[in-house]
Amino acid sequence: MRWGVPVLLLVGAVGLGAPERASFDDGLRPFLEAHCLSCHTGKKGKGDLDLERFDGDAAAAAAPEVWRAVRRRLVRREMPPEGGPTAAEYDAAVAWIDARFGRPEADPGRATIRRLNRTEYENTVRDLFGVDFDARALFPADEVGHGFDTIGDVLALPPALFEKYLLAAEQVARLAIVDEDWENPAVRRFDAGALAIAGNGNRRGDTAFLYSSGEVSASCTLPRDGEYVIRARCWGQQAGLETVRMAFRVDGRAEAHADVPATAKEPAVYEHRARLAGGERRIGVAFVNDYYNPRDPDPSQRDRNFAAEWIEVVGPIDAPVLPAAHRALVPERVPAERHDAALRRVIETLAPKAWRRPVTAEEVEGVRGAAARAAPEGASFEKRVQLAVTTLLASPHFLFRIERDRLDAGAWPVDDFELATRLSYFLWSSLPDDALFAAAAGGTLSSEAVLRAQVRRMLKDARASALARNFATQWLQVRGLDDARPDPALFPGVDDALLDAMREETVLYFDAVLREGRDVKELIEGDFTFVNEALAGHYGIPGVRGPAMRRVPVAAPRGGVLAHGSVLVSTSNPTRTSPVRRGKWILEALLDAPPPPPPPGADQFDDSEKARADASLRERMEVHRQDPNCAVCHARMDTLGFGLENFDAVGRWRDRDGPHPVDSDGVLPDGRRFAGAAGLKGILAAAAAFPRSLAKHRLVYAPGRGPGDGDEAALDTLVDALRKDPTLPRLIEEIVMLDAFRMRRAAEGEE
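Residues numbered from 1 in each chain as written. Predicted model: local features only at pLDDT ≥ 70, side-chain atom pairs only at ≥ 80, totals over all residues. Heavy atoms only, no water.

## Points about the overall build of the protein
Secondary structure assignment for the protein yields 28 helices and 20 strands. The C-alpha radius of gyration of the protein comes to 34 Å, more than 25% above the 27 Å expected for a compact globule of 751 residues. The principal-axis extent of the C-alpha atoms belonging to the protein is close to 120 × 75 × 45 Å. Counting all 751 residues of the protein, 53% fall into the buried class. Across the protein, every contact between residues at least 6 apart in sequence was considered, and the portion connecting residues at least 24 apart equals 72%. Just so you have it, the protein exposes about 32800 Å², and 51% of that area is on carbon and sulfur atoms. Here the protein contributes 99 positive and 115 negative side-chain charges, whose respective centroids are spaced 1 Å apart. (Helix = DSSP H or I, 4+ residues; strand = E, 2+ residues; numbered from the N terminus. Rg over C-alpha atoms; globule rule 2.2 N^0.38 Å. Buried < 20%, exposed > 50% of the residue type's maximum accessible area, 1.4 Å probe, protein only. Contact = heavy atoms within 4.5 Å. Areas by Shrake-Rupley, 256 points an atom, 1.4 Å probe, with all protein chains shown as cover. Lys, Arg positive; Asp, Glu negative; His and termini not counted. Charge placed at Lys NZ, Arg CZ, Asp CG, Glu CD.)

## Observations concerning the side chain of Asn 289
Relative to the assigned elements, Asn 289 resides in the loop between β9 (279–287) and β10 (291–292). Polar contacts involving the side chain of Asn 289 include one to the main-chain amide nitrogen of Arg 245, which spans 2.9 Å. Each residue touching Asn 289, except ones within four places of it in the same chain, is listed here: Glu 242, Thr 243, Val 244, Arg 245 and Arg 304. (Polar contact = N/O pair within 3.5 Å; in protein donor to acceptor, adjacent residues only side chain to side chain.)

## Digging into the packing of helix α16 (residues 466–475) against helix α17 (residues 496–515)
Interaxial distance between α16 and α17 falls to 9 Å at its minimum, and their mutual angle equals 110°. Here α16 lies roughly perpendicular to α17, going by the angle between them. For the pair α16 and α17, the crossing hand works out as right-handed. Every residue of α17 that contacts α16 at Leu 467, Ala 468, Arg 469, Phe 471, Ala 472, Thr 473 and Trp 475 is listed here: Glu 504, Val 507, Phe 510, Asp 511 and Leu 514. (Axes fitted to C-alpha atoms, helices over the stretch in contact; angles between N-to-C directions. Parallel < 35°, antiparallel > 145°, perpendicular 65-115°, else oblique. Left-handed = near helix turned anticlockwise from the far one by under 90°.)

## Quick word on unusual backbone geometry
Put simply, Gly 315 and Pro 316 share a cis peptide bond, and its omega is 5°. Take Pro 316: it is sitting in the loop between β11 (303–314) and α8 (324–329). The linkage connecting Ala 556 with the following residue, Pro 557, adopts the cis geometry, with an omega of 5°. Structurally, the position occupied by Pro 557 is in the loop between β15 (550–553) and α19 (565–570). Despite not being glycine, Asp 592 has its phi angle at roughly 50°, a positive value.

## A look at the pairing of strand β2 (residues 187–191)
Only one face of β2 is buried, namely the one carrying Arg 188 and Phe 190, since none of Val 187, Arg 189 and Asp 191 on the opposite face is buried. Judged from the 5 bridges that link them, β2 and β11 form a sheet pairing that is antiparallel. Residue pairing across strands places Asp 191 opposite Trp 310, the latter belonging to β11. (Pairing = 2+ DSSP bridges.)

## Examining the nonpolar core
Core analysis: the biggest nonpolar cluster contains 83 residues, and Phe 426, Leu 427, Trp 475, Ile 586 and Leu 590 have the highest contact counts within it. In terms of residue count, helix α25 (residues 689–701) provides more of this core than any other element does, 7 residues in total. Beyond its immediate stretch of four places on either side in the chain, Leu 427 contacts Val 455, Met 458, Leu 459, Arg 463, Ala 464, Ala 466, Leu 467 and Ile 732. Grouped together as the second largest cluster of nonpolar side chains are 47 residues, Leu 350, Ala 351, Leu 393 and Phe 400 included. (Core = buried A, V, L, I, M, F, W, Y, C linked by side-chain atoms within 4.5 Å.)

Listed below in structure tokens is the structure:
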């Protein structure tokens, strides 16, 4: 066995046998001689592991850490690479180690207190206030640890990022609470000196003058979509048979026209009422009927011109559509003398939800006082509520998922509100709903029956799609599909819209396997998928019309995530497939057996045009693997990756790669053969390592911490549960019941 480089061995399910009382020489030595010592003997043993040195019970007992490492690899069926033991032999070896050294002690672990990531922030704001806030437009991408952006150790909050969270809090407050006196609308005036002149014109004192067709305008920020009045004080220098005529313009488009009979002696105000979109708008008036006739016998009739003294934008003048949060928190006008009392009630309602726990009277008063100090003199009640919302959202109690430590215990159950928060962010990537809060407030959530019932209820909720959109896309490494850029010259038509459809296919597929309680093997082998017209055409699936994603039946080998364009594009190079990347992906995502980092120079590979013409990719990689530095890892990764070689770099089926026929058959390290993608998927779906890998990735994502030795017993429990009920709902439910999910451990040195 080689311990520094995990080796793939696909065999049956793991089952631990009864503890053995035999000595080392009788109980474990025969196993080592049959399967391990050929590689792990002496100072040059692979992975720097010498198992020959253990010559009896005393020597074995002196190195418990070695046998715990051996156990981990035996349980995962990672070792040995060839001529593998039978399931009974594996179980007997593990049982002997457990009997001598004890099974790894269960440990709930300790998740670092962490802030909400971007997705969680968006979802929490949505569920708290009913407003959509684009956190991705403001916050940088979250750091990733152990493959996920839910890991507390990497979700820090440096000062520069806190400033963005403060800005976000202010923006969310304005979206949730409307501070607008629409009965006394704002007036924005732009005098001639502030007006931009487009066309032939100039400024004459307090007038913007146009002596041919043109426009005078100003940039104006409108607070929201609504009804506005555009006013302009104008006059004309009349000439010819027509009256001076102007157009009201918004962003250069004419909204309405008006005759301007007024003259310089008696300017007049002209106005137009329009529905305008909020945001930055250019508001102006244009001179549209220029006239010039120097031969007219009456000099006063020779030249028609236009002048504007100012432009005003009044509004919005219509009543705003109040967000649901505003209607709930500010149901009526509040007179000034009642502001403090009413604001306390708002905070008492909102703070427990925002901070995901009960709040004290002192905390309520602290938020009210902060809002009062920040409010300008004469501020409206709505403005005060906005400031209170900003204070709540800028607090660490909102930004962080805080769990209180105890100094009187080494490990303890988290309280019901902390458990509710763990559960909701695991399943929904958002805050607990009223039903979950009620169970926590009643002190019943921590009971097994209530907790299981809540998990089942929550998995039926639409918000559980977060498991597909957040967990699955990271586990399957397709979240970053936007960064994959297939060469447009080689793969025309593979645009952003098609890549989005590929990722959505994977999200909808995982969600279907979850909600329908399908066997987890269908993640690898399935008979349906989701496509729209563009993706169906890309795959060669007939009969699909329109941009909407829909469920369609598919035949092998198109079923399962290994055939999804999202996976196949993410594991390819821009110009060709990459069996290495695809094999590495299988090892990492599906089998939890990641290869070590490549040695220096490992990326040297002849991919020239001549090389491609002379030999197939597989033939060239066979030569590449003759290098001993490459062979150890590539013999495993490449075999797996070539099983998917019938799928090109953008996920289309092919039988030839240029002039060369595709060879997608392979032989695994244990000697078993497979024929193409369908055969490979069959073996992977039956592998004992797959459900354990799925369980481990879930167990990392759920509490937000990296794996530890204390998780081995928990993983054994989860794998046993999957044997009895191989579905995602059962896996999720059993994760929630683990100490790793329901308990918290003291930091090192605090016990």
